[in-house]
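The lines below spell out each chain.
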Amino acid sequence: MEGEELEGEEYTPQEEVGEYTPQEEGEEEALQKREEEEQVPTPDPCPLTEEVLKEGLSLLSKTGNGLAHAYVKFEAKSKDLTDISLLKCFIHLRYVDLSDNKLQDLSPLNSLTHLLWLKVDGNLLTSACMQVLPYLQIISFAHNHIKYMEGITHPRLVNLSLKGNKIQTALGLGHGQLFSLQILELRGNKLESTAGFNLPKLKSLYLAQNTIRRLEGLEGLEQLTTLHLRDNKLETLDGFCSSMKCLQYLNLRNNGISNLQEVEKLQVLPMLQALVLLDNPCSDESSYRLEVLVLLPHLQRLDKELVEEDERADANQIRQKRQEEEKEDLTRTLGSLRRRSTVR
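Keep in mind it's a predicted model, so treat the numbers as computed, not measured.

Peer 1: Would you explain the overall build of the protein chain in this entry?
Peer 2: Secondary structure summary: the protein chain contains five helices and 13 strands in total. Per-residue burial over the protein chain gives 38% buried out of 344 residues. Just so you have it, the protein chain exposes about 20100 Å², and 48% of that area is on carbon and sulfur atoms.

Right, dumping it as structure tokens:
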């Protein structure tokens, strides 16, 4: 125990710390290299100029009060921009595309309270946090360096893309303020769990190419119809629940599901029509398709292929036979119990 002396053994600092080895040195270098790779580079300053601003403005439209006209669209892609301060005065902008620049700060956009659509893919952003924009409906933060999802609280947001970032958890997303979100794209991040998706209006959730090992916190996704979990680390299918009464399409391709009986846990999904299980160990079994259809009789499509009528008939026959056998086993068991009770 801590604080007690070990009898018969002499304590030396070397024994506690251990001798430094070349292997540890190599691990330290690898860790340092990873940290350097994750650091966001500091780009050379390149502010938005009036010339680029004029080139990017388009779509002349009436202002909100209908008494004047203003440009409502701005596009400046692949300009190496690091500073967009000039935009803060263009309060009537509704559509803004600043993809493939070197932006690390979006605060000048906070004054664009009429913004409906924003695309800032391929920048150097480490946070998606912005002030609440009351009319914003679509945002794409794809391929940045974002690690956390706090600060996305736009009440009319319908479509949010954060694919290709470094997000490890969805906890903190929206804090109950994303009332309208229907599509969430999180492919290619570092998620290990599905905890945190408390989004009552969500219809499509894309979580492919993460490292998800656990399905949890899904009970609030009552309107979800599409769930992509391809290329993850799932070995079991615990976590699905009957409250997911609208789920129709489930993609589990290329996970680690080896036991076909895991599919039985999908029986809680009453509307499931299409299931993808290709490239899981269980899909290599000779009777794979038939066994899945025995467990999920209402499937219309398995692994992109429509379920044939003869497949369904064979599965129904096997299911019925197994149910009869289970009923007979139960009858025999009950009879045996009654006989033992009579003997006593």
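Peer 1: Teacher, can you tell me more about the side chain of E185 here?
Peer 2: Structurally, E185 is set in strand 7 (residues 183-185). At 2.9 Å, the side chain of E185 forms a polar contact with the side chain of R187. Apart from the residues within four sequence positions on either side, E185 is in contact with L160, S161, L162, K163 and Y206.

Peer 1: Can you help me understand a negative patch on the surface in this one?
Peer 2: A cluster of acidic side chains, namely E308, E309, D310 and D314, defines a negative patch on the protein surface. Along the chain, E308 turns up in the loop between strand 13 (305-306) and helix 5 (309-343).

Peer 1: Honestly, the pairing of strand 1 (residues 57-62) in this entry has me stumped. Any pointers?
Peer 2: A regular strand places its side chains so that they alternate between the two faces of the sheet. When strand 1 meets strand 2 (residues 69-75), the two strands line up antiparallel, connected through five bridges. The residue of strand 2 that forms the bridge with S61 is A70. Following strand 1, the chain reverses through six residues before pairing antiparallel with strand 2; G66 in that reversal takes a positive phi of roughly 75°.

Peer 1: Explanation requested: the layout of surface pockets in the structure shown.
Peer 2: To locate leftover empty space, one rolls a probe as large as a water molecule over the atoms. Computed from the structure, the largest pocket encloses a volume of approximately 190 Å³. If you go around the largest pocket, the residues you meet are E264, Q267, V294, L295, R319, R322, Q323 and E326. Elements with a minimum of two residues in the lining of the largest pocket: helix 4 (288-295) and helix 5. Looking at the lining of the largest pocket element by element, the count peaks at four residues for helix 5. Grouping the constituent residues of the lining of the largest pocket by class yields two nonpolar, two polar and four charged.

Conventions and cut-offs
Residues numbered from 1 in each chain as written. Predicted model: local features only at pLDDT ≥ 70, side-chain atom pairs only at ≥ 80, totals over all residues. Heavy atoms only, no water. Helix = DSSP H or I, 4+ residues; strand = E, 2+ residues; numbered from the N terminus. Buried < 20%, exposed > 50% of the residue type's maximum accessible area, 1.4 Å probe, protein only. Areas by Shrake-Rupley, 256 points an atom, 1.4 Å probe, with all protein chains shown as cover. Polar contact = N/O pair within 3.5 Å; in protein donor to acceptor, adjacent residues only side chain to side chain. Contact = heavy atoms within 4.5 Å. Patch = residues over 30% accessible without salt bridge, like charges linked within 9 Å, V, L, I, M, F, W, Y side chains within 5 Å. Salt bridge = Lys/Arg side-chain N within 4 Å of Asp/Glu carboxyl O. Lys, Arg positive; Asp, Glu negative; His and termini not counted. Charge placed at Lys NZ, Arg CZ, Asp CG, Glu CD. Pairing = 2+ DSSP bridges. 1 Å grid on protein atoms, 1.4 Å probe; cavity = no way out; pocket = protein on both sides within 12 Å on 5 of 7 lines; lining within 4 Å. Points joined across faces, edges and corners; volume = space filled by probe spheres on them. Nonpolar A, V, L, I, M, F, W, Y, C, P; charged D, E, K, R; others polar.

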